[in-house]
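Summary of structural features
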Amino acid sequence: MSAVPPPGLVVPDAWFVACATDELRGKPLARTIQGKPLVLFRGTKNVATALLDRCPHRNVPLSMGKVVGQQLECAYHGWKFDHSGACVTVPGLMEQDASLKSRCAEHYATRELDGFVWVYSTPNVEPKNEPFRFPHLNDAGYSTVRRQFVVEAGLHASIENTLDVPHTSFLHGGLFRTAEKKNVIDVVVRRHANHAEAEFIGEPAPRGLAGRILAPGGGVVQHFDRFFLPCIAQVEYRLGARSHLMTTTAFTPESDDFTRVYAVVTFKLPVPGWLVRPFVAPVATRIFAQDRVVLARQREQVKRFGGEKFTSTELDVLGPQVTLLLKHAANGTTPDAHEHRLQMRT
Amino acid sequence: MSAVPPPGLVVPDAWFVACATDELRGKPLARTIQGKPLVLFRGTKNVATALLDRCPHRNVPLSMGKVVGQQLECAYHGWKFDHSGACVTVPGLMEQDASLKSRCAEHYATRELDGFVWVYSTPNVEPKNEPFRFPHLNDAGYSTVRRQFVVEAGLHASIENTLDVPHTSFLHGGLFRTAEKKNVIDVVVRRHANHAEAEFIGEPAPRGLAGRILAPGGGVVQHFDRFFLPCIAQVEYRLGARSHLMTTTAFTPESDDFTRVYAVVTFKLPVPGWLVRPFVAPVATRIFAQDRVVLARQREQVKRFGGEKFTSTELDVLGPQVTLLLKHAANGTTPDAHEHRLQMRT
Amino acid sequence: MSAVPPPGLVVPDAWFVACATDELRGKPLARTIQGKPLVLFRGTKNVATALLDRCPHRNVPLSMGKVVGQQLECAYHGWKFDHSGACVTVPGLMEQDASLKSRCAEHYATRELDGFVWVYSTPNVEPKNEPFRFPHLNDAGYSTVRRQFVVEAGLHASIENTLDVPHTSFLHGGLFRTAEKKNVIDVVVRRHANHAEAEFIGEPAPRGLAGRILAPGGGVVQHFDRFFLPCIAQVEYRLGARSHLMTTTAFTPESDDFTRVYAVVTFKLPVPGWLVRPFVAPVATRIFAQDRVVLARQREQVKRFGGEKFTSTELDVLGPQVTLLLKHAANGTTPDAHEHRLQMRT
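Residues numbered from 1 in each chain as written. Chains lettered and ligands numbered in written order. Predicted model: local features only at pLDDT ≥ 70, side-chain atom pairs only at ≥ 80, totals over all residues.

With that settled, consider the overall build of chain A. Summing up its helical and strand segments, chain A has five helices and 19 strands in all. Taken over C-alpha atoms, the radius of gyration comes to 22 Å for chain A, in line with the 20 Å a tight globule of 346 residues would show. Structurally, chain A occupies a C-alpha span of about 80 × 45 × 35 Å along its principal axes. Across the 346 residues in chain A, those meeting the buried criterion constitute 47%. Considering only contacts in chain A between residues 6 or more positions apart, those separated by 24 or more positions represent 59%. (Helix = DSSP H or I, 4+ residues; strand = E, 2+ residues; numbered from the N terminus. Rg over C-alpha atoms; globule rule 2.2 N^0.38 Å. Buried ≥ 20, exposed ≤ 12 C-beta atoms within 10 Å, placed from the backbone. Contact = placed C-beta atoms within 7 Å.)

Here's what the structure looks like:
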């Protein structure tokens, strides 16, 4: 494992997904969030526990160790840590003292919700807020497909890509939108304190494979793209009362160079879920693969040229809002509310 | 592709070879010159076009894209650029404006001559001079062998190596000169505003394989080594009116660490060209391979020790002149003319 | 070979092992000590010679060259260097001058002792002291096993690991000590000007395989751990007059990231050496392998977090003494003598 540089932009007091629930079993798990290497394990009562992944003694990763009786034991000298990060045993030492701060591992609050283990980004504090909840997971008639992967890109570039409409007809040409731009649609962009939203009005049902699945009869579709601080991108399509597709994606920035992506596709369709599921996964996989390539090349370029030099147009609907909201969150400030409209050929 | 650091020494207002003519066909081609990533493609009327290889929109490499109707289309959002770097189409945008500077890609002047595409090192300007011309390419009785390769070395180390006489009997021992130094020859070194030259007087015909090809009867040979700013090294041998061998090499510094080399061996010999060609290529290939190894190790050492620490003797005939001329060219100044003589055992 | 950054801590006027005697034969050998790339070869009268591995002419590694008549010849231009680093020949030059300082290669004093070639860390000076001597190599009844390997770790972390008692029951669990800590022993720690020592009093004979070999009848064992500046770690076990085991290890820091380790296990046992030797090597190999892994991960963590942040307890008996002695040696100072006692469960 190589060194992970910390990201340029760090959001404090925020929840990020550290892993899926079923990734955290009997062994310690190493994950990095915003440049911080963490070790996750199940401590007292099987509660997901997150500590800084560095033994306070000789700095080896605690994730090299093992879980013994719901405590984490370091592989080098056997120091044992409990669910709070306190060092409860130093083998061989005559007088143990679990209250010694210098022997504690930094502790990060956790929540286990919706099939994910969330970690709070500021250590050793009581969280000021709660994690984002994924919608419709258990609602009647909805099916869910989950995917996890890593992109070689920073947080805002990854989220912008997910919420960006115009690239789909080029990068994913043929999969859903086509390059011929015949329709003009209206877009309303709204920015709130902790999230931003774009509403696409008058959009025809998507063509291609995705369109045939979502809206076999065609017609106008309701389409919203949303960003929730600090790490959620959501794309929602509705076609009448019967078709509803939401892709909600949690992005966990490991560093400026790597972002772990947890995508949850939830849908209710006129056809049965078991019929649709086999088609959703390969299409999603192909789209993600194309996006991964372009994001990696973009990141490489930004490094090569020593920084971003982006020129935006009004078609960059949510990307600039994502960057603005993240910068405010990193500084602990809140932007003014905002709304504007534009037109787009699609 | 990893990040290419810019070279320590950058020559403005100068022509470098970007690629061979036959490398530039229907697809965009990525090349780096003096740390600048460029994309080459054939624009209007098939003219070779060079732009900075970064889309002004989201910074992905334009070389990821494709050529559509003599315009270059970005792979991410389909922005299209013409032969001048102007952005002629932003797909989906209601009002196009090709005159917007912020959407233009930086443009570099090109020339296509002697089988090469040359690029001017200063962007967005009218060139103040024209590229170097390769001699005798189309002259009656001359044959030509071309080779392209990349050395892990900077510009001046690569050129010094090509124009350096004393290393041949050691690094290339057996191929032409031998390590026994019996002959004393005179050398005249001349430095002009834009080039330098060494004339070797009284040199015996080279021994070994190269000697037997070039001068089967032996005798005194005329030998000149030359450097032309910013990137040409030339080695010329004459033996009477019948044997004439010129190796003219264009060096394109990608960075301090990598230099692309375009070698052109042009020769007229007492034996037919078709008889000689099969022997020239493998000998040249072996010499280049040996030089590549030593240059890579030299560059590695310079990095390891944090810089060059060279001790020269008068046998380093042209190397110091190359460095001096390049430094003047980087600063936009011109050195005084200079001439000196020395003797060398060979 | 990639660039080796110099170590953070450099000890001047000190001897380090550069190679084993039988590694230095007819070819030049490249080794790095404290960030300095050196070339070793056998010069006049076959004496081991150490020079800076950089030709003063064009900086290529002299280790690329060859030994010709007990002189080292550079591969690029054939410059020849003698046992003192003087450049005795520049091929082709009319007037040779071996006294020119600018053409000399930096020279490092050497000693060949106990099967090792030692190099003095300060160039171009007369050594102020002599190398450490390995004990009992030729004493009657003693057998010796030697091993050489490289760890991805700095000097003090490597030495601390070798002299550290508490990690053995965890990292090497099962091999000798067990994790159950039933016995309490006394430890006396003594620090002198140039070395430090820990004496373990009342230690039971080690269990497991090593114990059965060393002390088949059980009983109390004499155990000393020692560090000698700048690079020797020694572990000594005695059980009465018949069992004696010494592991003396020379550590050569190539950089902060890599340390070359020369381990010499010397032992006299109640059973014949030829019977024991087949068991010592695989056990030692397994222990070294486990230590190598943990040291590499520790080093990686220290880089990742931008520095060490160690919390010590009194069980870290010699590690802090090693660090203190090395810092004094790097500064050319001498620490006060010191002694303290402690108890340890083992």
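Picture the strands of a sheet paired through backbone hydrogen bonds; they go either parallel or antiparallel. Residue and element names in this part refer to chain A. Taken together, the eight strands give an open sheet; going across it, the order is 12-18-17-16-15-14-13-19, and neighbouring strands pair in antiparallel fashion. Single-partner strands in this sheet number two, and they are strand 12 (143–151) and strand 19 (338–345). Averaged over all adjacent pairs, the angle separating strand axes in this sheet is 15°, with direction ignored. In this structure, strand 16 (residues 232–239) lies alongside strand 17 (residues 243–253), joined through eight bridges in antiparallel fashion. Paired with Leu239 across the bridge in strand 17 is Ser243. Packed onto the sheet, helix 1 (residues 155–163) meets strand 12, strand 15 (220–228), strand 16, strand 17 and strand 18 (259–268) and runs at close to 170° relative to strand 17. (Pairing = 2+ DSSP bridges. Axes fitted to C-alpha atoms, helices over the stretch in contact; angles between N-to-C directions.)

Residues and elements named next belong to chain A. Tracing the sequence through the fold places Pro335 in the loop between helix 5 (319–331) and strand 19. Take Pro335: there are 16 C-beta atoms within 10 Å of it, and that puts it in the partly exposed class. For the pair Pro335 and Asn194, spaced 141 residues apart in sequence, the C-alpha to C-alpha distance is 8.5 Å. Ignoring anything within four residues of it in the chain, the contact list for Pro335 reads Arg191, Leu324, Leu325 and His328.

Attention shifts here to the confidence of the model for chain A. In regions of low pLDDT, the predicted coordinates are not meant to be interpreted in detail. Predicted confidence across chain A gives a mean pLDDT of 90, with 92% of residues reaching 70 or more. For this predicted complex, the interface confidence score (ipTM) comes to 0.91, while the overall pTM stands at 0.91. (pLDDT = per-residue confidence, 0-100.)

A few words now on the relation of the copies chain B and chain C. Each copy of the sequence occupies a distinct position, and chain B is placed on chain C by a rotation of 120° and an axial shift of 0.0 Å, giving an RMSD of 0.1 Å. What the rotation and shift describe, once combined, is the action of a three-fold rotation axis. (Least-squares fit on C-alpha atoms with pLDDT ≥ 70 in both.)

Let's shift gears to the interface of chain B and chain C. Every contact between the two is made by 25 residues of chain B and, on the other side, 23 residues of chain C. Counting residues per element, the ones that place at least two in the side of chain B that touches chain C are helix 2 (168–171), helix 4 (273–304) and strand 19 (338–345) of chain B. Among the elements that line the side of chain B that touches chain C, the one with the most residues is helix 4 of chain B, at eight residues. Per-class residue counts for the side of chain B that touches chain C are ten nonpolar, seven polar and eight charged. (Nonpolar A, V, L, I, M, F, W, Y, C, P; charged D, E, K, R; others polar.)

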